[in-house]
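A structural walkthrough
Letter by letter, the chains look like this.
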Amino acid sequence: MTRRQLITGLISLACAFVIFVIPFIFVFINASKSAAETARLSFALPQEWRFWQNLVEVVQARDYQLLLAYFNSIVITVGAITLLVIFGAMVGYVLQRRKSGWNKVIYGFVLAGLMMPPAVVPTIWVLQGLGLFKTLHGMILIQVAYGLGFCILLFRAFVSTIPRDLDEAAIVDGAKPWQVFFRVILPLMKPVTVTVIVVQSITIFNDFTHPLYYLPGKENVTVQLTLYNFQSQFVSQLNLLFMNILLVTIPPLLVFIFFNRQIVAGMTAGGVKG
Amino acid sequence: MAQVVLKNVKKSFGAVEVIKGVDLTIESGEFCVFVGPSGCGKSTLLRMISGLEEQTSGTIEIDGKDVSNAEPSKRGIAMVFQSYALYPHLTVRDNIGFGLSLARTPKPEIKRRVEETAEILQLGPLLDRKPKELSGGQRQRVAIGRSIVRNPKVFLFDEPLSNLDAALRSQMRIELTDLHANLGTTMIYVTHDQVEAMTMADKIVVLNGGVIEQVGSPMDLYERPATPFVAGFIGSPKMNLYEGKVAEAMGCATYGIRPEHVVISDAEGQWTGRVRHVERLGADTIVHLEVPDLGPLVARVEGSRTFEPGQQVKATPMAEREFRH
């Protein structure tokens, strides 16, 4: 390692520490303090460590609402990811492999899905018309609609790296089109599928605004919305708020730490051939 | 075993006609090689027989049945691809058994047939490996195994040896020839390598620009080429071909003589030329001459003879071996 590499490495580490680690330490320290101490928002260590008490209090708040929120968020995330992977992979595969005049039209829709900002009120109106407003499956469909464009682009780019000979070999072997997809192509798309699962699950699990608009109701609460429990106009329990932040941050953080190599692999694998 | 009959098969991609009407009969049990330069339509023709490509017009019959519009899997064919096209996520065993499992063959039977095939191709110890753990030659054998296991009526090979090194290629040529002798199945083989065509084929089909130039046995094509293209394509080094005044002087439109049919002597001969370049191959020596009356002339002589660049020599064509068109 040259001196220059060492210095740039150290500077990068220092920046990453300031941007990512210090806020986390701040949240962790303040989640371990009493309400009065946290209100000062200082970096000082707590006089009395109340980590466990705060944790229990957050979990028990509003009749164990956090557990319900975890359940709802997991249902929405798992449901949406399943549909995103299946439909994203299918559409990406067909768009890449079958050349037809419709491809451009479909591709236009995909790009429109990426570019056009979601309009909240009309969406609620549509959801109400379909009887999907304030339902978990309605929320799942919303997340699928928002994420599908990106997934299709990733899958389509990846399919172009899979040799067409494999499809043809399977066809000669007697595979029907759906068997070619499910038995040959889908297993080979594992890297990009992991990428989609990780990126989208973090996005959907961390989503605050969409559940806020489309999923009102106490019984429909998601983890990000539980942050409101400890913040109001007149009373703010910042220590519990920080503890809540800690609890809702940990699952996506773990996913990210364990899968970050695959994310990069899947993102770049499709980049060689467009 | 099955006869393959193509009747006036044509194929166009948009406005470009790549196969301009092919009529061909491949007899049952024959090893037929399609050979020709890149872009001559040989792979397209093979893909039309396989059903992966649809013909624009004409009919294809396999074993007496018109399969022109049948699915690839209903034609009784198996295909070996240039890239092997092994499924990377499956083991050798699953790769070979894939077609059978799609056909819902009972598991014990799949196991038995895969193991039989593995034995024929000496793949037994490799059955539980993934394709990436195999060498090029082993992958090729797995690809062939995947074809054999389905007991097809016709085997189709699309340049299967072009990704192998020279030594392995010559070994695989022998293995494929043995396989054909053992199975006795009709095989259609596409290559641009005329050595493969000459060494393996019962029948060679020379294609050029989407039409058949000539069909015949390897020695037929070598000794009696029907067109200057076939004369130039078959044989290595290629035949010396002359047009224009040289050919007119010989009383034809195209005059040709193979390098091995040119006799080089120091004393006397029909043409006098200067040695430009010498390629010593061991058993043979290829001599490139510059002959004022003809232009460049290539001759093949015994490896023991030596020549120096710039040396003046005499060259004479063997009279009964000349090609006139």
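Residues numbered from 1 in each chain as written. Chains lettered and ligands numbered in written order. Predicted model: local features only at pLDDT ≥ 70, side-chain atom pairs only at ≥ 80, totals over all residues.

Below, the discussion takes up the overall build of chain B. The helix and strand inventory of chain B stands at nine helices and 18 strands. Projected onto the principal axes, the alpha-carbon positions of chain B cover approximately 75 × 45 × 30 Å. (Helix = DSSP H or I, 4+ residues; strand = E, 2+ residues; numbered from the N terminus.)

Once that is clear, we can look at the overall build of chain A. The helix and strand tally for chain A stands at 11 helices and zero strands. Here the C-alpha coordinates of chain A stretch approximately 70 × 65 × 30 Å along the principal axes. Counting only residues that meet the buried cut, chain A has 33% of its 274 residues in that class. At a minimum sequence separation of 6, the contacts of chain A that also span at least 24 residues come to 77%. (Buried ≥ 20, exposed ≤ 12 C-beta atoms within 10 Å, placed from the backbone. Contact = placed C-beta atoms within 7 Å.)

Residue and element names in this part refer to chain A. Two numbers describe how helix α4 (residues 102-115) lies on helix α6 (residues 136-159): the axes approach to 7 Å, and their chain directions differ by 125°. The angle between α4 and α6 places the two elements in the oblique class. Relative to α6, the crossing made by α4 is left-handed. Between α4 and α6, the residues in contact are V110, L111, G113 and L114 and L148, G149, F150, I152 and L153, respectively. Partitioning the contact of α4 with α6 into residue classes produces seven nonpolar, two polar and no charged. (Axes fitted to C-alpha atoms, helices over the stretch in contact; angles between N-to-C directions. Parallel < 35°, antiparallel > 145°, perpendicular 65-115°, else oblique. Left-handed = near helix turned anticlockwise from the far one by under 90°. Nonpolar A, V, L, I, M, F, W, Y, C, P; charged D, E, K, R; others polar.)

All names here are of chain B. Taken in spatial order, the three strands of this open sheet run β11-β12-β18, and their pairing is antiparallel. With partners counted over all chains shown, the strands left at the sheet margins are β11 (240-243) and β18 (323-324), one partner each. Here strand β12 (residues 254-257) runs beside β18; their pairing, made up of two bridges, is antiparallel. Looking at the pairing, G256 lines up with F323 of β18. (Pairing = 2+ DSSP bridges.)

Moving on to the interface of chain A and chain B. On the chain B side, the residues contacting the 14 residues of chain A number 16 residues. Elements supplying a minimum of two residues to the side of chain A that touches chain B: α7 (164-172) and α8 (177-188) of chain A. Ranked by residue count, the leading element in the side of chain A that touches chain B is α7 of chain A, at six residues. Tallied by class, the residues present in the side of chain A that touches chain B amount to nine nonpolar, two polar and three charged.

We now examine the sheet that holds strand β9 (residues 203-208) of chain B. All names here are of chain B. Here we have six strands laid out as an open sheet, ordered β6-β7-β8-β3-β9-β10, and mixed in their pairing. One side of each edge strand has no neighbouring strand; the edge strands of this open sheet are β6 (77-80) and β10 (211-216). Going across the sheet, the axis of each strand differs from the next one's by a mean of 20°, ignoring polarity. The sheet contact formed by β9 and β10 spans five bridges and is antiparallel. Pairing of V206 across the sheet is with Q214, part of β10. Along the sheet, helix α4 (residues 136-148) contacts β6 and β7 (154-158); its crossing angle with β6, the most-contacted strand, is approximately 175°.

Taken over all residues, the pLDDT of chain A has a mean of 89, while the share at 70 or more is 96%. Ignoring residues within four places in sequence, the model shows residues 270-274 of chain A, a span with pLDDT below 50, making 12 contacts including any to other chains. (pLDDT = per-residue confidence, 0-100.)

Our next topic: the domain arrangement of chain B. Many structure descriptions define interface size as the accessible area lost when the parts assemble. Partitioning chain B into structural domains gives domain 1 (4-230) and domain 2 (247-324). The C-alpha centroid of domain 2 of chain B is placed 38 Å from the C-alpha centroid of domain 1 of chain B. (Domains from an automatic or database assignment.)

Moving on to the packing of helix α2 (residues 92-102) of chain B against α4 of chain B. Angle between the axes and distance between the axes: these two values describe a pair of packed helices. All names here are of chain B. The geometry of α2 relative to α4 is characterised by a closest axis approach of 7 Å and an angle of 30° between their N-to-C directions. Here α2 lies roughly parallel to α4, going by the angle between them. Once α2 is placed against α4, the crossing between them reads as right-handed. Along its contact with α2, which presents V92, N95, I96, F98 and G99, the element α4 presents V142, G145 and R146. Among the residues forming the contact of α2 with α4, the class breakdown is four nonpolar, three polar and one charged.

Residue and element names in this part refer to chain B. Across the 11 residues that make up α2, a large majority, eight, are buried. What α2 keeps buried is the set V92, R93, N95, I96, G97, F98, G99 and L100. Summarising the contacts, the buried residues of α2 are in contact with α3 (107-120) and α4.

A word on unusual backbone geometry. All names here are of chain B. Each neighbour pair has its own omega, and for S236 with P237 the value is -5°, a cis peptide bond. Structurally, the position occupied by P237 is in the loop between α8 (228-233) and β11. In the Ramachandran plot, D63 falls in the positive-phi region, its phi being about 55° despite a non-glycine side chain. The topology assignment puts D63 in the loop between β4 (57-62) and β5 (65-66). Judged by C-beta crowding, with 16 C-beta atoms within 10 Å, D63 ranks as partly exposed. Positive phi outside glycine occurs at Q122, with the angle close to 55°.

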